[in-house]
Amino acid sequence: MTGEQTEHYFDWAATSPADRDILSSALNITLDAWGNPSSLHSAGKEARELLENARNLAAKTLGVPSSTLFFTSGGTEANHIPLLSVLNRPQKKSVLFSSIEHPAVREMALQMKKCGIETIAIPAEKSGIVTAESVLKCLSPQTVMICIMAVNNETGAIQPVAEIVDAVENATRGKRRPKIHVDCVQAAGKIPLDLKGLKVDSASISAHKISGPRGIGLLYAKDTFEPFLKGGGQESGIRSGTENVYGAICLSKCLEKYFIREKSPRYMAQVEFTRKFIASLFKIPSCTIIPECRIENEDRFSPWIVQASFKGIPGQVMMRALDAEGFYISTGSACSAKKSNRPVLDAMNVSHDVSENAVRFSFGHSTTEEAMTALAEKISEIARRFQ
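Everything numeric in this text was worked out from a predicted model, so none of it was measured. All residue numbers refer to positions counted from 1 along the written sequence of the respective chain. Two thresholds apply to this predicted model, a pLDDT of at least 70 for residue-level local features and 80 or more for giving and counting side-chain atom pairs, whereas whole-chain, interface and lining totals are computed over all residues. Only hydrogens and water are set aside; all other atoms, that is, all heavy atoms of the structure, feed into the side-chain values.

*Asks:* Can you walk me through the overall build of the protein in this structure?
*Replies:* Secondary structure counts use DSSP, requiring at least four H or I residues in a row for a helix and at least two E residues in a row for a strand, with both numbered from the N terminus. Each helix and strand counted, the protein has 14 helices and 10 strands in total. Structurally, the protein occupies a C-alpha span of about 65 × 55 × 35 Å along its principal axes. The classification of residues rests on relative accessible area computed with a 1.4 Å probe and restricted to protein chains. Under 20% of the type maximum is buried, over 50% is exposed, and intermediate values are partly exposed. Within the protein, the fraction of its 387 residues that count as buried is 56%. Should any heavy atoms of two residues lie within 4.5 Å, those residues are counted as being in contact. Sequence separation of 24 or more characterises 73% of the internal contacts of the protein that already satisfy a separation of 6 or more. For the protein, the distance from the average site of its 45 positive side-chain charges to the average site of its 42 negative ones is 5 Å. Positive charge is attributed to Lys and Arg, negative charge to Asp and Glu, and no charge count is given to His or to the chain ends. Charged groups are reduced to one reference atom each: NZ for lysine, CZ for arginine, CG for aspartic acid, CD for glutamic acid.

If you want it as structure tokens, here you go:
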């Protein structure tokens, strides 16, 4: 992808342009250190040292013990491992998942239903937020796991994870608290993230959302647990399979470079860029911001994701019209791009006409205000053609 194409790339929630320096450096390192990290000879030990250095760097960045981090093949697997561990429990049990989850969680939860696990979708508000009250209403003595994503990948809605954890702890005081898993794929490197402060049991991160390569992810697990899938016992038995040393190095360095602990100047600049972008879209007569309440509640949404719908312009048509002009967006989750239904918008009770025309704009660390202004102008131009 050329520099101009990257400048007009607004699909960062699907994947991000690679950090060439980090990926190139890691490739050179691992071309020399090509041993299997589990081998006991010198070549293996050299690769093992690189792997553990990457784990330690990721742990330092996240502020958690290195023993709680496990490299996976990506965000999907990092979500699946805690979920599938539920299958090891013989007693009657249920899993709660928010109705606005990414397919990696939503579809796996539904699949587990075929294995005899009761699965309950926690309803979302029209805002795209899942409240602590909604979680408590779905809670039962059989609940063993609750899955709540940190940031929704389609609307950018930031979920009140800390509030939910506190509410569940209070409701189950003196009893066994269900494990709480959080999909942090759209949070890491995008919004201030404090895993220890959230007090969650497990969380997932994906490298290719923060300018790393595809095929490598990270699972945070506060406590040890028995994984359902077994193999060679790598990653302390949590995730078997020969370790991806190259990917681990890339992920840890990208995480270090792009991680957000607090609202930095770049973060606040993006908040302002997005505010102006939404204001520009709001001037287009056919435009509806999803959810509409976002305009008055911007602090509850990630500044890196905006969803909007344009009356009379199907989402696929808007996407192709922008693509023809060299601007790259999406109609929603890349994992569901070939499907016509929109489960997240359905969960928010968005009307069919609005959801059919919905598109997603997502931004990243190199997105400029000028590029976002150009995008808004191009969208306005396309919308006028359909008036």
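*Asks:* I would appreciate a short explanation of the sheet that holds strand β9 (residues 305-310) in the present structure.
*Replies:* Pairs of strands are assigned from DSSP output, requiring at least two bridges between the strands. With respect to topology, 3 strands assemble into an open sheet ordered β8-β9-β10, the strand pairing being antiparallel. The open sheet has two edge strands with one neighbour each: β8 (287-290) and β10 (358-362). Geometrically, the sheet is characterised by an average inter-axis angle of 30° between neighbouring strands, direction not taken into account. Angles here are taken between N-to-C directions and fall from 0 to 180 degrees, while the axes themselves are lines fitted to C-alpha atoms, restricted in helices to the stretch in contact. Most of the contacts of helix α10 (residues 265-282) go to β9, to which it runs at about 0°, and overall it touches β8, β9 and β10.

*Asks:* How should I be thinking about unusual backbone geometry in this particular structure?
*Replies:* Negative phi values dominate among residues other than glycine, just as trans dominates among peptide bonds. The peptide bond linking Ile290 to Pro291 adopts the cis configuration, its omega dihedral lying at -10°. Turning to its location among the elements, Pro291 is positioned in the loop between β8 and β9. In this structure, Ser211 is a non-glycine residue whose phi angle is positive, near 70°. As for its position among the elements, Ser211 is in the loop between β6 (202-206) and β7 (217-221). For Ser236, which is not glycine, the phi torsion reads 60° and is therefore positive. Assignment of secondary structure puts Ser236 in the loop between β7 and α9 (245-258).

*Asks:* What am I meant to see in the pairing of strand β4 (residues 143-147) here?
*Replies:* Each regular strand carries side chains that alternate between the two faces of the sheet. Among the 5 residues that make up β4, 5 are buried, leaving the element largely enclosed by the rest of the structure. Both strand β2 (residues 94-98) and β4 contribute to a ladder of 4 bridges, which runs parallel. Bridged to Leu96 within β4 is Ile146. Pairing of β4 with strand β5 (residues 179-183), which is carried by 3 bridges, proceeds in the parallel orientation. For Met145, the partnering residue across the bridge sits in β5 and is Lys179.

*Asks:* Got a minute to help me understand the sheet that holds β2 in this structure?
*Replies:* By definition, the strands of a sheet pair up through backbone hydrogen bonds, in either a parallel or an antiparallel sense. With respect to topology, 7 strands assemble into an open sheet ordered β1-β7-β6-β5-β4-β2-β3, the strand pairing being mixed. This sheet does not close on itself; its edge strands, each paired only once, are β1 (69-72) and β3 (118-122). On average, each strand axis in the sheet is inclined to that of its neighbour by 20°, with strand direction left out of account. Where β2 lies against β3, 5 bridges are found, and the strand directions are parallel. Within β3, the residue paired with Ser98 across the bridge is Ile122. Where helix α3 (residues 42-62) meets the sheet, its contacts fall on β1, β6 and β7, and the angle it forms with β1 comes to roughly 120°.

*Asks:* Hey, could you run me through the nonpolar core in this one?
*Replies:* For soluble globular proteins, the rule of thumb is that nonpolar side chains tend to be buried together. By convention a nonpolar core is built from buried Ala, Val, Leu, Ile, Met, Phe, Trp, Tyr and Cys residues, the set being connected through side-chain atoms within 4.5 Å. With 96 residues, the main nonpolar core has Phe277, Leu281, Phe310, Phe361, Leu375 and Ile379 as its most contacted residues. Broken down by element, the residue count for this core peaks at 8 residues, all from α9. Other than its neighbours up to four places away in sequence, Leu375 contacts Phe10, Phe277, Leu322, Phe327, Ile329, Phe361 and Phe363. Formed by 13 residues, the second largest nonpolar core is a distinct cluster that contains Leu83, Ala109, Val144 and Cys147.

*Asks:* It is not clear to me how the environment of Gly128 should be interpreted in this structure. Could you clarify?
*Replies:* Structurally, Gly128 can be placed in the loop between β3 and α6 (132-138). A residue is classified by how much of its surface remains accessible, and Gly128, at 1% relative accessible area, is buried. Along the sequence, Gly128 and Val344 sit 216 residues apart, while their C-alpha atoms lie 8.0 Å from each other. With sequence-adjacent residues up to four places away left out, Gly128 is seen in contact with Ile100, Ala157, Gln159 and Met348.

*Asks:* Looking at this model, I keep getting lost on the packing of aromatic side chains. Mind explaining?
*Replies:* For Phe, Tyr and Trp, where Trp contributes only its six-membered ring, two rings pair if their centres lie within 6.5 Å, and the inter-plane angle classes them as stacked under 30 degrees, edge-to-face over 60, or tilted in between. Under the definition given, this model contains 5 aromatic pairs. Pairing Tyr9 with Trp12 gives two aromatic rings, centres 6.4 Å apart and planes at 55°, and the pair type is tilted. With a relative accessible area of 10%, Tyr9 lands in the buried category. Taking 5.6 Å as the distance between ring centres and 80° as the angle between the ring planes, the aromatic pair formed by Phe277 and Phe363 counts as edge-to-face. Linking Phe277 in helix α10 with Phe363 in the loop between β10 and α14 (369-385), this pair joins segments that are 86 residues apart in sequence. Exposure remark for Phe277: the relative accessible area of 2% places this residue in the buried category.

*Asks:* How should the side chain of Ser206 be read in this particular structure?
*Replies:* Along the chain, the position of Ser206 falls in strand β6. Taking relative accessible area as the criterion, Ser206 reaches 5% and is therefore assigned buried.

*Asks:* Honestly, the packing of α10 against α14 in this entry has me stumped. Any pointers?
*Replies:* A pair of packed helices is captured by two measures, namely the crossing angle of their axes and the spacing between those axes. One way to put it is that α10 packs onto α14 with a least axis distance of 10 Å and a crossing angle of 10°. On the basis of their axis angle, the class for α10 and α14 is roughly parallel. Read as a crossing pair, α10 and α14 show a hand that is right-handed. Two secondary-structure elements touch here, α10 through Gln270, Phe273, Thr274, Lys276, Phe277, Ser280 and Leu281 and α14 through Glu369, Met372, Leu375, Ala376 and Ile379. Here the word oblique covers every angle except those under 35 degrees (roughly parallel), over 145 (roughly antiparallel) and from 65 to 115 (roughly perpendicular). What makes a crossing left-handed is the near helix being turned counterclockwise from the far one by less than a right angle; a clockwise turn instead makes it right-handed.

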